[in-house]
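An overview of the molecular structure
So you can see what is in the structure, the chains are spelled out below.
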Amino acid sequence: MVKDDLIIELQPNIFRLKGAGSSRHSYLIRGDYKNVLIDSGVDKNFSKLQKSLLTLGLKIRDIDIVINTHEHFDHIGANRYFQDYALIAAHRFAATKIAVEDRYVTMYKSGDLNEPSLKVHLWLENRFRFDLGNYILEVVHTPGHTSGSICIYEFTRKILFTGDTLFAGGTLSYIGESGSVGDYINSINLLETRKINELYPGHGKISNTPEDDMQKAILNARALLRDEEGVEITDFREVPYANQ
Ligand SMILES: [Fe+2]
């Protein structure tokens, strides 16, 4: 069900909240016990995110947990608006970089709005679970794009929130400063052992062909290792933010 051009209900009480410009996405899961936001997006998109949440009847303080799929600025940028009310959760390898404001890895630039200290309240490990009543979310550590990248698996619907780890069509994200192609291939191999119906990435389209996407992602990663030309990579660092 489409609520407006920024909000799509993908599953009952699971919404994609589209970011402006280059389609960065946050996902809202309205749980029986707790409301979860997966990724807060870029700082400058916050007013649109707030508007989308209000359309769904939620104020900022109604978000109980923000899970960051990894430490990049376009996924954690609006954390500061939530962190006094919500628990901020990230894999511990991402949390270390966020907590010490490692701008080399998070890629914050001069002029970014996000000046206050960022907090991480929950330092996640592989297989950590969030029981929301109607949904159970499991953390799957998937290093590769960055060392602290995670996917979030939901058991009842068999859906996977992938951040920048896996995109529709198997296009690779670039391998970040803390990342590794070898770790990436290993992570996708591990994901292939799960039954997954749909992928909900941090950018671009959702996918209902996860198996094909994972196979293509591995082929792309192996081609990258061999330094072949023409490997399809999407680099979201280069997308301008001026219009957001
Ligand atoms: Fe990223």
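It should be emphasised that the depicted structure is a prediction, and the values quoted were computed from it without experimental measurement.

How each quantity is defined
- Residues numbered from 1 in each chain as written.
- Predicted model: local features only at pLDDT ≥ 70, side-chain atom pairs only at ≥ 80, totals over all residues.
- Helix = DSSP H or I, 4+ residues; strand = E, 2+ residues; numbered from the N terminus.
- Buried ≥ 20, exposed ≤ 12 C-beta atoms within 10 Å, placed from the backbone.
- Contact = placed C-beta atoms within 7 Å.
- Pairing = 2+ DSSP bridges.
- Axes fitted to C-alpha atoms, helices over the stretch in contact; angles between N-to-C directions.
- Right-handed = clockwise from strand over helix to strand, strands pointing away.
- Parallel < 35°, antiparallel > 145°, perpendicular 65-115°, else oblique.
- Left-handed = near helix turned anticlockwise from the far one by under 90°.
- Core = buried A, V, L, I, M, F, W, Y, C linked by C-beta atoms within 7 Å.

Across its full length, the protein carries six helices and 15 strands. By the burial criterion, 48% of the 244 residues in the protein qualify as buried. Intrachain contacts of the protein at a sequence separation of at least 6 include 65% that bridge at least 24 residues.

Overall, mixed pairing links the five strands, which are arranged β9-β10-β11-β12-β14 in an open sheet. Every other strand in the sheet has two partners, leaving β9 (129-131) and β14 (198-201) as the edge strands with one partner each. Each strand axis lies, on average, 20 degrees off the axis of its neighbour in the sheet, ignoring direction. One ladder, built from five bridges, connects strand β10 (residues 136-141) with strand β11 (residues 150-154); its direction is antiparallel.

Glancing now at the pairing of strand β5 (residues 35-38). Of the two faces of β5, the one lined by N35 and L37 and the one lined by V36 and I38 are each fully buried. As judged from the four bridges shared by strand β4 (residues 25-30) and β5, these two strands associate in the antiparallel manner. Bridge assignment links I29 to a residue of β5, and that residue is V36. What sits between β4 and β5 in their antiparallel hairpin is a turn of four residues. The pairing of β5 with strand β6 (residues 65-67) spans three bridges and is classified as parallel. Bridged to I38 within β6 is I67. Each parallel crossover has a hand, and for β5 linked through helix α1 (residues 46-55) to β6 it is right-handed.

Attention now goes to unusual backbone geometry. In this structure, R127 takes a positive phi of about 75 degrees despite not being glycine. Assignment of secondary structure puts R127 in the loop between β8 (122-124) and β9. The exposure class of R127 is exposed, given the 10 C-beta atoms found within 10 Å. Of note, K158 is a non-glycine position whose phi angle comes to about 55 degrees, a positive value. The residue K158 is located in the loop between β11 and β12 (159-163) in this model.

Right, let's talk about the packing of helix α5 (residues 181-191) against helix α6 (residues 210-225) for a bit. Two numbers describe how α5 lies on α6: the axes approach to 10 Å, and their chain directions differ by 165 degrees. Our classification of the angle between α5 and α6 gives roughly antiparallel. For the crossing formed where α5 meets α6, the hand is left-handed. Judged by residue contacts, V181, Y184, I185, I188 and L191 of α5 engage M214, A217, I218, A221, R222, L224 and L225 from α6.

Grouped together as the largest cluster of nonpolar side chains are 57 residues, with contacts concentrated most on Y27, V36, V66, A90, C151, I152 and L160. Excluding its chain neighbours within four sequence positions, the residues that come into contact with C151 are V140, T142, L160, F161, T162, G163, T165 and L191.

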